[in-house]
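Take a look at the letters that make up each chain.
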Amino acid sequence: MMRTIRKEHGNGGKQTYELIDNLFKPIFGSEILKSGDDSTVFSLNGMKVGISTDSFVVKPYFFKGGDIGKLSVCGTVNDLAVAGLEPKYITVSFIIEEGFSIDDLEKITRSIKRYADLAKVEVVAGDTKVVEKGAADGIFINTTGLGVARDTQKMPSISRIKGNQVVIVSGDIGRHGACIYSHNEDLGFEDRIESDCGLLLDVISELMQEVDVAYMKDLTRGGLATALNEIVQKSGFDIKVEEEKIPVADEVKALCDILGLDSYYLACEGRFVAIVNGDEKEKAIEILKKYNRFACEIGKVEESREKRVYLSTTFGGTRILDMLYYEMLPRIC
Amino acid sequence: MQTLEKANTIINTIKNNIEKMGRQLRIIEVCGTHTVSIYRNGFHTLFKGYIDFISGPGCPVCVTHEGYIDNLIELAKMNYTIYTFGDLMKVPGKSMSLAEAKSNGAKIKIMYSPVDAVENIAEDEEAIIAAVGFETTVPAFALSLEKVLEKDLKNVKFACELKTIDQPLKVLLKDHIKVDGLILPGHVATILGVDGFKFVEEFEIPSVISGFEKYDILLSLLSLTQSILDNDFTVKNEYKRVVKKEGNTVAKRYIERFFERTDAYFRGLGLIEGGGLRLKSEYSSFSVQLKYDYESFSNSACRCADVLTGKLKPFECPLFEKVCTPQTPKGACMVSQEGSCNAYFRFGKWK
């Protein structure tokens with residue numbers, strides 16, 4: 001049977017990773033690429049620099065709490081930030097479908113400029129392609145960012161993860177995914193769920209100044225569950241998180257109940273997890289809480305090395321919290 | 001905190017009840033949503049050694065057979081647009097699923113409700129609504145047919161593969177399965193009422209109608225273990241905030257107005273007499289004729305039937321996790337997020 005790309009190959013879950021590991025990485029063959037995080041950090045003329053790229057295909061283009069322009073800056077800038085980099089430059093490329101509103105394009109572009117300014121990154125290059133009606137869905141944006149290390153002595157790295165460290169989340173999860181679902185499904189939640197789309201630079205800058213962070217990862221497609229699974233796959237350690245502690249807004253919970261979605265897998269665009277040593281957790285949480293009151297410890301890195309994420313449930317049961325396997329789809333009953 | 005203390009008290013009482021019986025209980029949860037809730041909330045580890053949870057046939061996706069999927073794909077090839085609930089997309093047909101057909105260009109659209117679908121179908125579109133589900137979902141299809149009649153739409157038809165819960169449950173309890181108690185499906189009971197499950201009492205097995213939240217399930221297990229201790233076969237209702245004795249009489253009238261009983265093929269269980277619903281003859285012009293070859297159904301190595309009847313744990317199936325995964329489901333129970341094998345795979349019951 002002919003192998004074809006399906007939607008789940010792009011959802012950031014298990015199949016996305018299989019595509020990257022089984023197709024892209026072997027063909028490109030780069031050792032740097034193989035180390036594979038969302039940002040790649042390497043030495044250039046004695047300087048630690050990093051690069052990250054991302055494409056944004058969200059619909060609707062304008063949603064409560066943001067738009068595709070804001071998202072395309074925040075996404076790439078945040079990828080650099082969690083790698084311990086200070087973003088400096090960004091490129092922006094557009095693929096636009098014939099018939100797209102120029103007024104909307106202007107709004108999106110102004111939004112890109114606004115958030116690039118807030119992030120103190122300069123838009124230094126770009127590209128524009130227009131394709132025939134039907135060849136794309138409105139507008140797709142790609143951004144690539146370049147950053148330099150904040151502190152070469154304290155760079156977060158997957159190799160610094162070890163047993164008994166504490167896993168902290170920077171705020172309540174699932175808002176972006178829930179917001180997009182609510183807009184697309186027209187369920188009357190549109191005004192209630194605001195995306196968490198936002199820049200993480202200030203909070204990460206302060207955190208890195210005050211705390212020696214072992215590792216950070218921003219939560220994007222695939223949500224908390226997929227991010228944690230990626231961490232256990234790369235680090236080799238297990239992670240155990242506690243259901244009771246994971247912050248989810250009531251309105252996000254309600255939408256999940258109605259549509260049969262799982263908040264652990266919903267995308268975030270302004271949240272990250274940080275892994276720190278136990279003696280630093282209080283200081284770290286205190287800093288994170290200044291930016292989002294829901295920031296808290298959600299679990300621990302376990303000494304065992306089965307590469308699993310375990311979830312302790314409210315009443316004391318345990319289950320595996322796996323990667324996203326397929327598109328979350330509304331169920332029959 | 002007080003709630004958690006109460007929960008712990010209930011958990012201890014359930015365990016005490018079971019200890020009094022001196023053996024592990026086999027309890028079947030008929031409905032897939034219960035299966036997921038049990039695993040999602042870790043009840044399988046919480047009551048390890050006390051309760052062996054068995055997943056029943058109440059997941060509409062799991063019991064939909066490949067012939068139906070093949071029919072829908074054939075219809076899509078004939079330029080019909082298929083409207084379906086999202087979780088049917090992954091069910092494997094003989095050669096492909098609806099999701100694969102869609103990625104190859106077939107016109108397949110996901111609906112949240114058949115009524116919405118009818119509202120949104122374009123005038124120039126020849127639409128087929130995939131009518132799949134148990135009694136919970138049937139009233140929605142009845143309402144959508146009413147809308148089709150009101151609007152006098154000629155371009156909308158239904159591919160009916162609707163199921164009833166009573167017949168497969170009777171077959172299961174009579175011929176296939178030995179259990180100590182049943183957790184009955186709260187969604188279906190919302191429509192059929194407690195009265196709709198009275199037939200279970202004839203089998204002299206304690207049962208409880210349960211909601212889906214973790215506290216619902218705890219209270220239901222408490223009620224069920226008490227009934228088992230007392231040899232009490234009365235159907236208990238622990239979902240009183242939603243389920244009435246007589247059920248939803250309006251919804252039942254809608255079902256009776258548009259649908260009648262028919263035999264139905266259940267993936268994993270085979271052909272069950274009176275196990276399905278079809279459109280009444282006066283509405284047959286809105287029904288798509290589906291063609292089945294029952295003989296050719298089911299992957300021979302797939303042990304879904306044994307899983308659904310509690311003879312086998314999912315991980316004992318030779319296909320489990322090797323070739324049968326949520327990404328590449330080979331059989332009924334791995335297909336739906338509410339299927340037994342799928343829940344084992346995702347939430348790690350085999351650990």
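Residues numbered from 1 in each chain as written. Chains lettered and ligands numbered in written order. Predicted model: local features only at pLDDT ≥ 70, side-chain atom pairs only at ≥ 80, totals over all residues. Heavy atoms only, no water.

A. Here's a closer look at the sheet that holds strand β11 (residues 270-279) of chain B. All names here are of chain B. If you trace the 6 strands from one edge of the open sheet to the other, you get β4-β3-β5-β6-β11-β10, paired in mixed fashion. On the outer flanks of this sheet lie β4 (108-110) and β10 (259-266), each paired with one strand and no other. On average, each strand axis in the sheet is tilted by 25° relative to the strand beside it, whichever way the strands run. Looking at chain direction, β10 and β11 are connected through 7 bridges and run antiparallel. (Pairing = 2+ DSSP bridges. Helix = DSSP H or I, 4+ residues; strand = E, 2+ residues; numbered from the N terminus. Axes fitted to C-alpha atoms, helices over the stretch in contact; angles between N-to-C directions.)

B. Summary view of the packing of helix α7 (residues 138-151) of chain B against helix α11 (residues 249-258) of chain B. Residues and elements named next belong to chain B. Taken N-terminus to C-terminus, the directions of α7 and α11 make an angle of 60°; their axes are 9 Å apart at the nearest point. Accordingly, the angle class assigned to the pair α7 and α11 is oblique. Here α7 and α11 pass one another in a crossing that is left-handed. Between α7 and α11, the residues in contact are V138, P139, A142, L143, L145, E146 and L149 and A251, Y254, I255, R257 and F258, respectively. Residue composition of the contact of α7 with α11, grouped by class: 10 nonpolar, no polar and 2 charged. (Parallel < 35°, antiparallel > 145°, perpendicular 65-115°, else oblique. Left-handed = near helix turned anticlockwise from the far one by under 90°. Contact = heavy atoms within 4.5 Å. Nonpolar A, V, L, I, M, F, W, Y, C, P; charged D, E, K, R; others polar.)

C. Spatial organisation of the packing of helix α2 (residues 32-40) of chain B against helix α14 (residues 340-347) of chain B. Residues and elements named next belong to chain B. Packing of α2 against α14 brings their axes to within 10 Å, and their N-to-C directions diverge by 15°. Between α2 and α14, the angle falls in the class roughly parallel. Both α2 and α14 take part in a crossing whose hand is right-handed. Seen from α2, the contacting residues are T35, V36, Y39 and R40; seen from α14, they are S340, A343, Y344, R346 and F347. Partitioned by chemical class, the residues of the contact of α2 with α14 number 5 nonpolar, 2 polar and 2 charged.

D. Structural view of the sheet that holds strand β10 (residues 238-242) of chain A. All names here are of chain A. In spatial order, the strands read β9-β11-β8-β12-β10-β13-β14; together these 7 strands make up an open sheet with mixed pairing. Lying at the two open borders of the sheet, with one neighbouring strand each, are β9 (215-218) and β14 (318-320). In this sheet, adjacent strand axes meet at a mean angle of 25° when their direction is disregarded. As paired elements, β10 and strand β12 (residues 296-302) share 4 bridges and run antiparallel to each other.

E. Structural view of the nonpolar core. Counting 126 residues, the largest nonpolar core has F197(B) and F259(B) as the members making the most contacts within it. With residues near it in sequence (within four places) discarded, F197(B) still touches I165(B), L169(B), L184(B), P185(B), V188(B), A189(B), I209(B) and V235(B). One finds I139(A), V203(A), A295(A) and I298(A) within the second-largest nonpolar core, a separate group that totals 85 residues. (Core = buried A, V, L, I, M, F, W, Y, C linked by side-chain atoms within 4.5 Å. Buried < 20%, exposed > 50% of the residue type's maximum accessible area, 1.4 Å probe, protein only.)

F. α7(B), seen in detail. Residue and element names in this part refer to chain B. Between its terminal C-alpha atoms α7 stretches 20 Å, which fits the 20 Å expected from 14 residues at 1.5 Å a residue. Every buried residue of α7 is listed here: V138, P139, F141, A142, S144, L145, E146 and V148. Note on α7: the residue one or two positions beyond its end, D152, has a positive phi of about 55°. (Expected span 1.5 Å × (residues − 1).)

G. Here's a closer look at the interface of chain B and chain A. Counting residues at the interface gives 44 residues for chain B, matched by 32 residues for chain A. At the boundary of chain B with chain A, total buried surface from both sides reaches about 3400 Å², with 57% on carbon and sulfur atoms. Of all residues in chain B, the largest losses of buried area upon contact with chain A belong to R40(B), Y112(B) and Q327(B), amounting jointly to 21% of the total for that side. Measuring nitrogen to oxygen at the nearest pair gives 2.8 Å for the salt bridge that ties R40(B) to D262(A). Taken together, the connections running from chain B to chain A amount to 6 residue pairs in polar contact (both at pLDDT 80 or more). (Buried area = accessible area lost by both parts, 1.4 Å probe. Salt bridge = Lys/Arg side-chain N within 4 Å of Asp/Glu carboxyl O. Polar contact = N/O pair within 3.5 Å; in protein donor to acceptor, adjacent residues only side chain to side chain.)

H. Spatial organisation of the environment of S157(A). Residues and elements named next belong to chain A. With respect to the helices and strands, the residue S157 is situated in the loop between β7 (139-149) and β8 (166-169). Measuring from C-alpha to C-alpha, the distance between S157 and V41 comes to 10.0 Å, with 116 residues separating the pair along the chain. Dropping the residues within four chain positions of it, S157 is found in contact with A214 and Y215.

I. Focus on unusual backbone geometry. The amide bond that connects K59(A) to the next residue, P60(A), takes the cis arrangement and shows omega of 10°. Mapped onto the secondary structure, P60(A) falls in the loop between β2 (47-56) and β3 (62-63). A positive phi angle is found at N79(B), which is not glycine, with a value near 80°. Along the chain, N79(B) falls in the loop between α4 (66-77) and β3 (81-84). Judged by its relative accessible area of 52%, N79(B) falls in the exposed class. In this structure, D152(B) is a non-glycine residue whose phi angle is positive, near 55°.

J. Layout of the packing of aromatic side chains. For the coordinates displayed, the defined rule picks out 14 aromatic pairs over all chains. Ring centres 6.3 Å apart and planes at 10° place the aromatic pair F24(A) and F28(A) in the stacked group. One end of the pair is F24(A) and the other is F28(A), both in helix α1 (residues 14-28) and 4 residues apart, which spans about a single turn. Among the residues examined, F24(A) registers a relative accessible area of 36% and is labelled partly exposed. Summarising the aromatic geometry, the rings of Y39(B) and Y344(B) are spaced 5.5 Å apart at their centres and angled 85° between planes, so their arrangement reads as edge-to-face. Within this pair, whereas Y39(B) is found in helix α2, its partner Y344(B) is found in helix α14, the two being separated by 305 residues in sequence. An identical accessibility class is assigned to Y39(B) and Y344(B); each is buried. An aromatic cluster is built from F315(A), F43(B), F47(B) and Y215(B), whose rings are joined through pairwise contacts. If you follow K107(A) out to its NZ or CZ, it ends over the ring of F62(A), 4.7 Å from the centre. (Phe/Tyr/Trp six-rings, centres within 6.5 Å; stacked < 30°, edge-to-face > 60°. Lys NZ or Arg CZ within 6 Å of the ring centre and 35° of its normal.)

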